[in-house]
Amino acid sequence: MAKFREFEYRRPDISIVKETFSAALKELTEAENVERQYEAIRNINAMRKEIESMSALGRIRHTIDTIDPFYEAENAFYDENDPIFLEMITQYYQALIGSKYRSELEQKMGKHVFDLAEITLKSFKPEIIADMQEENALRTEYTKLIASAKIQFEGEERNLSQMRAFFQAHDRSLRKRAYEAHTHFFAENQKTLDTLFDQLVKVRTHMANKLGFENFVPLGYLKLNRSDYDHTRVANFRKQVEKDLVPVVSGLIERQRKRLGLPEMKYYDERLKFLSGNAKPKGDANWIVEQAKQMYRELSPETHTFFTFMADHDLFDLVSKKGKAAGGYCSFIAEHRAPFIFSNFNGTSGDVEVLTHEAGHAFQTYCSAHFEVPEYLYPTYEACEIHSMSMEFFTYPWMKLFFLEEEAKFRFTHLTEALEFIPYGVSVDEFQHFVYENPEATPEERNTAWRRIENKYLPLRDYDDNAFLNTGTWWYRQGHIFDVPFYYIDYTLAGICAFQFWLKMNRDRGRAWQDYLHLCQLGGSQSFLSLVAEAGLKNPFEDGSVASVVSFINEQLNAIDDSKF
Ligand code: ZN
């Protein structure tokens, strides 16, 4: 098999796609027996595989170099045509749901794809195609704006990801200046960001109204294929976090303040966990990949096969460089059955976390590539984040390979940060509920709401003398808020599930790994709460689920003498 850079890219020809699709759809609706109908479904899925492979490949190459005009045009092509492909898929779903052989098809394909088809049909009508195209273009505008940042700092021009390395600087004034320079980019672009976000809120609300919803909230949930919970369950989850987790996190921040010997913790101190500096990987990107090879070889036979495949085909783009989009993600190119990991290595512990987190996603897609039904390649995002976040815990015993003598320090930090993240995550979620329940709110009102919500979940956050951040503008840097509304809570739900895996591996590692593997192999063939049950985990919405993991972790953290780090 070819290496990633040799994967052939071909832009789908829309007129051929439409023709092939119409023929297959006709075949599907007119088939006189279930075998013929299933054959038509396979033809449609083969065509989808081709389009999805090219779209994934085009978009990956665009994010690797956002200024390459060829893939910029290809990315724009998908922004424009994805809604058209979606329209075809909804026609297919209509035919699927209405099939007179439905019960036989459910036997062959599983019932879940029918549930997903019904959800998609509720969230799409051809009348919203133009709005979806506008939404896609606005999302791309945000990505490009963020990627365009050129910050002159410490004698070099840097992008936003590269600036983050300074957030952990030992020198307090250096990290303060780094935060200010980073924040300055958002202050400078505040008008553009406000306008962009306002347009996104308006177009999303408009689509929701056209589909018969009062506001975007239920549509946002449907677009994430959530089939077994609504915003009231999520609100109950946030309440558990406020009650059971916020006080614990405040305690951890107080411990950090003492370690750092500071009179007060400011926002620019939060990322520095120790006076001796945070744990850092002891080598460059290539060295890190070499260590990861050993780790996955020793972890399990399944991870060994998987990671060898990734390395042999160069299915990574790891290091931060100019013009590259921000963040990290995992994608999948179905044609080659190839996961792909994208990240922005910057010399911090985050580099290793990418190879545990994104590799967790990649491992799951690799385990689920066997499904014929493309909908089952991966589940909804909250379930996906269980794969990635639990992999971060499964790799704990190998952290010495990357951090050498700083291994214990890394694990202490990782565990602390995993807990500290959750109140922030629910803030982002509550903010988005405010935004879409109040689509007429002005940018100022939104910022006020952000500050109010932040005060509830992150009571110790102190923006010091930064007037811009004090007005409630931190959220501008949180790409998910622009890109995929209501996605963010998924990290926190999954976080509670991943903690459960960690508890389990502390008791019985073999069992925990078997449950995890089973979860990865189930891919997206079931809904979130069914997957949680299959993996032997507690439903995170149920009262007491947050408290049950938090107390165990807090005990573990309290048993560690962090003053020696
Ligand atoms: Zn993830």
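What this report covers is the structure whose coordinates are included nearby. (Residues numbered from 1 in each chain as written. Predicted model: local features only at pLDDT ≥ 70, side-chain atom pairs only at ≥ 80, totals over all residues. Heavy atoms only, no water.)

With that out of the way, let us pick up the overall build of the protein. Counting its regular elements, the protein contains 24 helices and five strands. The C-alpha radius of gyration computed for the protein amounts to 23 Å, which stays within 12% of the reference 24 Å derived for 565 residues, consistent with globular compactness. Overall, the C-alpha framework of the protein stretches about 75 × 55 × 50 Å when taken along its three principal axes. Put simply, the protein has 565 residues, and 60% of those count as buried. For the protein, the share of sequence-separated contacts (at least 6 apart) that also reach a separation of at least 24 residues comes to 76%. By element, 51% of the accessible surface of the protein is carried by carbon and sulfur atoms, the whole surface being about 22,800 Å². Across the protein, the centroid of the 67 positively charged side chains sits 3 Å from that of the 86 negatively charged ones. (Helix = DSSP H or I, 4+ residues; strand = E, 2+ residues; numbered from the N terminus. Rg over C-alpha atoms; globule rule 2.2 N^0.38 Å. Buried < 20%, exposed > 50% of the residue type's maximum accessible area, 1.4 Å probe, protein only. Contact = heavy atoms within 4.5 Å. Areas by Shrake-Rupley, 256 points an atom, 1.4 Å probe, with all protein chains shown as cover. Lys, Arg positive; Asp, Glu negative; His and termini not counted. Charge placed at Lys NZ, Arg CZ, Asp CG, Glu CD.)

Locating T365 in the fold gives a position in helix α14 (residues 350-368). Among residues more than four places away in sequence, those in contact with T365 are F332, P339, L377 and Y378.

Each pair of packed helices gets described by two things: the angle between the helix axes and the distance between those axes. Close contact between helix α10 (residues 216-223) and helix α17 (residues 407-437) brings their axes to 8 Å; oriented N to C, the two are set at 125 degrees. Judged by the inter-axis angle, α10 sits oblique to α17. Contacts between α10 and α17 involve F216, V217 and Y221 on the former and, on the latter, H433, Y436 and E437. Of the residues that constitute the contact of α10 with α17, the class distribution is four nonpolar, one polar and one charged. (Axes fitted to C-alpha atoms, helices over the stretch in contact; angles between N-to-C directions. Parallel < 35°, antiparallel > 145°, perpendicular 65-115°, else oblique. Nonpolar A, V, L, I, M, F, W, Y, C, P; charged D, E, K, R; others polar.)

Right, let's get into the sheet that holds strand β3 (residues 316-319). Taken in spatial order, the three strands line up as β3-β5-β4 in an open sheet, and their pairing is mixed. Either end of the sheet is taken by a strand with one partner, and the two such strands are β3 and β4 (329-333). The sheet shows a mean angle of 15 degrees between the axes of neighbouring strands, taken without regard to direction. When β4 meets strand β5 (residues 338-345), the two strands line up antiparallel, connected through five bridges. Opposite C330, over in β5, you have I341 as the bridge partner. Across the sheet, helix α2 (residues 34-64) lies against β3, β4 and β5, angled at about 145 degrees from β4, the strand it touches most. Seen against the sheet, helix α13 (residues 301-312) touches β3 and β5 and runs at an angle of roughly 70 degrees to β5. (Pairing = 2+ DSSP bridges.)

Let's shift gears to the coordination of the zinc ion. Here the zinc ion is held by H357 (NE2), H361 (NE2), E385 (OE) and E385 (OE), and the distances to it run 2.1 to 2.5 Å. Taken together, the four donor atoms surrounding the zinc ion define angles of 55 to 144 degrees at the centre, an arrangement classified as irregular. Sequence spacing among the residues donating to the zinc ion works out to H-x3-H-x23-E. Taken together, the residues span about one helical turn, with H357 and H361 both in helix α14 at a distance of four residues. A residue is classified by how much of its surface remains accessible, and H357, at 11% relative accessible area, is buried. (Donors = N, O, S within 2.8 Å, 3.2 Å for Na, K, Ca; no water. Tetrahedral: all angles 85-135°; square planar, octahedral: opposite > 155°, others 65-115°.)

Here we take up the state of the cysteines. Within the structure shown, the criterion is met by zero disulfides. Left without a disulfide partner, C384 is nearest to the cysteine sulfur of C330, which lies 8.8 Å away. C384 gets classed as buried once you look at its relative accessible area, which sits at 8%. No disulfide involves C520; its sulfur sits 5.2 Å from that of C367, the nearest cysteine. Classification of C520 as buried rests on a relative accessible area of 0%. (Disulfide = S-S within 2.5 Å.)

Turning to the packing of aromatic side chains, a few remarks are in order. Using the criterion set out here, one finds 63 aromatic pairs in the structure. Taking 5.4 Å as the distance between ring centres and 90 degrees as the angle between the ring planes, the aromatic pair formed by F431 and W450 counts as edge-to-face. Linking F431 in helix α17 with W450 in helix α18 (residues 443-457), this pair joins segments that are 19 residues apart in sequence. In this structure, K108 packs its charged tip against the face of Y38, placed 5.0 Å from the ring centre. Residue placement shows K324 over the ring face of F342; its charged tip is 4.8 Å from the ring centre. (Phe/Tyr/Trp six-rings, centres within 6.5 Å; stacked < 30°, edge-to-face > 60°. Lys NZ or Arg CZ within 6 Å of the ring centre and 35° of its normal.)

Under the counting rule described, the total for this entry stands at 52 salt bridges. E106 is the salt-bridge partner of R102, the closest N and O atoms lying 2.9 Å from each other. Pair noted here: R102 and E106 are both in helix α4 (residues 102-109), with a separation of four residues, about one helical turn. Notably, a salt bridge pairs E407 with R411, separated by 3.3 Å at the nearest N-O pair. Here E407 pairs with R411, and both are found in helix α17, just four residues apart, close to one helical turn. Assessed through its relative accessible area of 18%, E407 is described here as buried. A relative accessible area of 30% means that R411 is categorised as partly exposed. By sharing partners, the salt bridges in this structure join K176, E180, E264, K266, D462, D464 and D465 into a single network. (Salt bridge = Lys/Arg side-chain N within 4 Å of Asp/Glu carboxyl O.)

As a packed pair, helix α9 (residues 190-210) and α18 sit with axes 11 Å apart at the nearest point and diverge in direction by 90 degrees. On the basis of the axis angle, α9 is roughly perpendicular to α18. Contacts between α9 and α18 involve Q190, D194, F197, D198 and V201 from the first element and P443, R446 and N447 from the second. In terms of residue class, the contact of α9 with α18 is made up of three nonpolar, two polar and three charged.

For the rest of this paragraph, the subject is unusual backbone geometry. One non-glycine residue, D314, lies in positive phi territory at about 55 degrees. Relative to the elements of secondary structure, D314 occurs in the loop between α13 and β3. Although it is not a glycine, R337 sits at a positive phi angle of roughly 50 degrees.

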